[in-house]
Structure formats: C-alpha cells, structure tokens
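Fold and contact review
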Number of protein chains: 2
Amino acid sequence: MDMQYKTPAEIEKRSFAIITEELGERVFPEEIAPVVKRVIHTTADFDYADNLVFSEGAVRRAMDAIRNGAHVVTDTNMAKAGINKKILATFGGEVHCFVADPDVAEEAARRKTTRSIVSMERAAKLDVPVIFAIGNAPTALMQLEKMIREQRLTPELVIGVPVGFVNVEESKERIIACGVPHIVARGRKGGSNVAAAIVNALLYQLTRREGF
Amino acid sequence: MDMQYKTPAEIEKRSFAIITEELGERVFPEEIAPVVKRVIHTTADFDYADNLVFSEGAVRRAMDAIRNGAHVVTDTNMAKAGINKKILATFGGEVHCFVADPDVAEEAARRKTTRSIVSMERAAKLDVPVIFAIGNAPTALMQLEKMIREQRLTPELVIGVPVGFVNVEESKERIIACGVPHIVARGRKGGSNVAAAIVNALLYQLTRREGF
C-alpha cells in the first residue's frame, strides 16, 4: 500500500495525474477535459475517452446555467445520491428525482407506461432552468427527446448516459440528433455513477476545486 | 428503436439473454453466474467476467445470512441508494451508511483520519450479522481488513469493489488474502453501482425473480 497518498484530496489529485499520464497523446479541449477525466476517475474505464461526445459549448452553457441557479433532474435516486448537492445549493440549485414518488408509480400503472416516462413529464413542469442527468433509463431519454422535438421542453443540458443492451444506444443517438445541448456516452456504457460524475465535474470546475 | 421490448421486466430479460450470448463459451458456476451477469448488466463492461473473484461458497453463505436477517453496510450513500431495500426488508435486513453522519465527520477531523475509516468502526459495533458492500473507499476496505485480522469483526461477506487508481488494487488483494468470505473485483474497476448490483444479485436470487 502506497501510504504516500493519505487524504482523500491527495488521492484524488494523484488519481487525476495518473489518468492524464495514461491518456498520453490524447489531449482534450480545456472545457471538456475535466469532464472526461472525472468520468474515467469514477469508472477506471478509459473507454470514456472515446465514447463521450459534447455538443458545441455544452459545458460552458451548463456551467452558466448552474451559476444562475439551474436545477438538476435525475432518473434514479442513485444518481441523485452521487451529486454534490451542497455545492449545487450554493448556486441556488436543487436535485430532483421523481421516479420513486408513489403518485408517479400510480400514474404509470394507470396509463400503462413506465415510471421513468411519467417522472420526466413531471420534471418538464418545473418552472426553472433544468439540467437533465439520465444514467439509467433509455425510456426517460426518449421521453425527453419527444418533448424537446414537440417544443414542450428546452433543457440547458441533457446528460445522456444510460447503460445497457436494449434501446440504449438508439436513445442516445436520438438525443444527439435532436439539437439539444448534450453530453452523451455513445454506445452501451454509462450509469448513474457516470451521470453524477458529469454533474460533479461541472460543479467542481465552478468552484475551481480542481486545478488538474 | 426496437419497440419489441417495452416493459422494464422485458428489457431486463432480453438484456440478460444478450449478456449470456456474448459471454459465449464462458460459463460460470450456477451460484456465481447471476452475480457476474448482473454486474455486466449494470456496467455494460465485460471486463467483470474476468476480474470478479469469489471465495469458496461466498454466494451461498451470503444468501443464507440475508435469509436470516443480515444487515448491509455500504461506504457511500450512492451504493445505499442502489440497493433494493424493500426486498432486503422482507428478510428483516436494513442498509446502513454512516459516512455522511455529522458526528462521523467530527470524529474523523478530531482524530485526523478519514470519514470512511470512522464509518467502518461504527459499523463494526452493529449487533447483527453484516454484509459489507464497499464500492468507493479503499481506506474503508483497509480498515475492514485490519479489524478482521485483529478478530474484532467477522463479516458474513465483504464485497470489495472500490474503484480507482491509488491504493485500490492493494486494498482488494489484502481482503482476498485475509480469509474473509469475499466477492472482489480485482484491479482498478468497481464502483458504488457495482457494489449495489452485487447485493441486488443476491437479493434477486433469493426471491427467484431472475430465472436467467
């Protein structure tokens, strides 16, 4: 055990140095690099250096939105648990996740649809600028895409990183194609942890916590 | 979008069929297969087919423990959020995570140690059989190993799947070596999502929810 690195802050700094070193020749634009590196830090999976795609100016716009009090909506309580809610609150933001609300389950059962879809409809009614962080449900991402195309929703950013083998890749390609500001992990990979990591990367850049 | 698979249950069943298909010649013992497949389902990362190691009888013992009311301790609230607490409660179990407790932070600051270490010491005082699910902090895993070696702790199972670049691999090798029943993801990979997925795989086998 390398006891040279003891505190969580020291360990994190050393981890990012290792990631930068192993990325080697792969250098990312200044705005994007902290997001890519934090996702790799969260997963130890360098595939994300290749599969993460960013719409033009997505990171800057999302950071501005957070600075101005944007809220975050997740599709799972796990993603909500992983987001640094203290830092978000310093800008006036909150994290919402409606999927486990009892009345969402009731409505989904009544309408024979999924809780993920109903929870996104609820989120669309929030009267604040919103960043969506979707790490699990392709149906949630599909519902967002539908509402965006119908001009019922104009998110500040859609983080589209559901994980899985069925409907997942298609749901991501649709978000990329629909013109919304996005950060998407193309392919099968992603997860609630990845969704939370991307939100945290934005928050930490805003607080300049990370100088790496 | 392949709309043939619409409900979450249908999607999950089809996902496991794809995973089984892509594993091809790789066939795992009956007890282990549902755990390996659920981790791949959670991450879309087939590396886990190679890096997951199980001590002899670990899955059976852990399932017996849950059936008899064992509790689960996690190192992060994210892992806690991902565990199916309803099913665990049907057997009398609860999930505990002490790391964000204000008095844990106070004690860690006073003793100049980490919150992860203090939270594991708290967990060791629980007066019930315990399964530890560690997906983030190598220091938590190290502390467990220390208490096990000192015979201050005899867990039913240690799920050792912290993720990262510093101290992580060593902490896992120590858990493997110390003789405790374990499920460990060797190497850098893991995460709170993986820790939760392994607990859920045990729970779903107990409820025979998955026939795949």
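Definitions and limits used
Residues numbered from 1 in each chain as written. Chains lettered and ligands numbered in written order. Predicted model: local features only at pLDDT ≥ 70, side-chain atom pairs only at ≥ 80, totals over all residues. Heavy atoms only, no water. Buried < 20%, exposed > 50% of the residue type's maximum accessible area, 1.4 Å probe, protein only. Helix = DSSP H or I, 4+ residues; strand = E, 2+ residues; numbered from the N terminus. Contact = heavy atoms within 4.5 Å. pLDDT = per-residue confidence, 0-100. Pairing = 2+ DSSP bridges. Phe/Tyr/Trp six-rings, centres within 6.5 Å; stacked < 30°, edge-to-face > 60°. Salt bridge = Lys/Arg side-chain N within 4 Å of Asp/Glu carboxyl O.

**Observations concerning helix 8 (residues 115–124) of chain B**
Residues and elements named next belong to chain B. Burial runs high along helix 8: seven of the ten residues are buried. All of the buried residues in helix 8 are Ser-116, Ile-117, Val-118, Ser-119, Met-120, Glu-121 and Ala-123. The inward-facing, buried residues of helix 8 contact strand 2 (71–74), helix 7 (102–111), strand 4 (130–134) and helix 9 (138–149).

**Brief notes about the confidence of the model for chain A**
Confidence in the prediction for chain A averages 94 pLDDT; 96% of positions are at 70 or higher. Here the prediction assigns the complex a pTM of 0.95, and the interface score ipTM is 0.93.

**Quick notes on the sheet that holds strand 1 (residues 52–54) of chain A**
Backbone hydrogen bonds are what pair the strands of a sheet, in a parallel or an antiparallel way. With mixed pairing, the six strands of this open sheet are ordered in space as 1-6-5-4-2-3 (chain A). Of all the strands in the sheet, the pair left with one neighbour each is strand 1 and strand 3 (95–96) of chain A.

**Let's talk about the sheet that holds strand 3 (residues 95–96) of chain B**
Residue and element names in this part refer to chain B. The strand order across the open sheet built from six strands is 1-6-5-4-2-3, with neighbouring strands paired in mixed fashion. With partners counted over all chains shown, the strands left at the sheet margins are strand 1 (52–54) and strand 3, one partner each. Judged from the three bridges that link them, strand 1 and strand 6 (residues 182–185) form a sheet pairing that is antiparallel. When the sheet's bridge partners are listed, Phe-54 is paired in strand 6 with Ile-183.

**Looking at the packing of aromatic side chains**
Applying the stated criterion to the full structure yields two aromatic pairs over all chains. Centre to centre, the rings of Phe46(A) and Phe165(B) are 6.1 Å apart; their planes meet at 85 degrees, and the pair counts as edge-to-face. Of this pair, Phe46(A) sits in the loop between helix 2 (33–43) and helix 3 (48–51) while Phe165(B) sits in the loop between strand 5 (157–160) and helix 10 (168–177), placing the two residues on different chains. A residue is classified by how much of its surface remains accessible, and Phe46(A), at 24% relative accessible area, is partly exposed. Residue classification places Phe165(B) among the buried positions, given a relative accessible area of 10%.

**Overview of the pattern of salt bridges**
Here the structure, examined in full by the defined rule, presents 34 salt bridges over all chains. Measuring nitrogen to oxygen at the nearest pair gives 2.6 Å for the salt bridge that ties Glu107(A) to Arg111(A). A residue pair is termed a helical-turn pair when its members lie 3 or 4 positions apart in one helix, as Glu107(A) and Arg111(A) do in helix 7 (residues 102–111) at four residues. Look at Glu107(A) and you get buried, because its relative accessible area is 16%. Close ionic contact of Arg122(A) with Glu107(A) constitutes a salt bridge, the shortest N to O distance being 2.7 Å. Of this pair, Arg122(A) sits in helix 8 (residues 115–124) while Glu107(A) is found in helix 7, placing the two residues 15 residues apart along the sequence. What makes Arg122(A) partly exposed here is its relative accessible area of 22%. When salt bridges that share partners are traced, they join Asp45(A), Asp47(A), Lys189(A), Asp45(B), Asp47(B) and Lys189(B) into one network.

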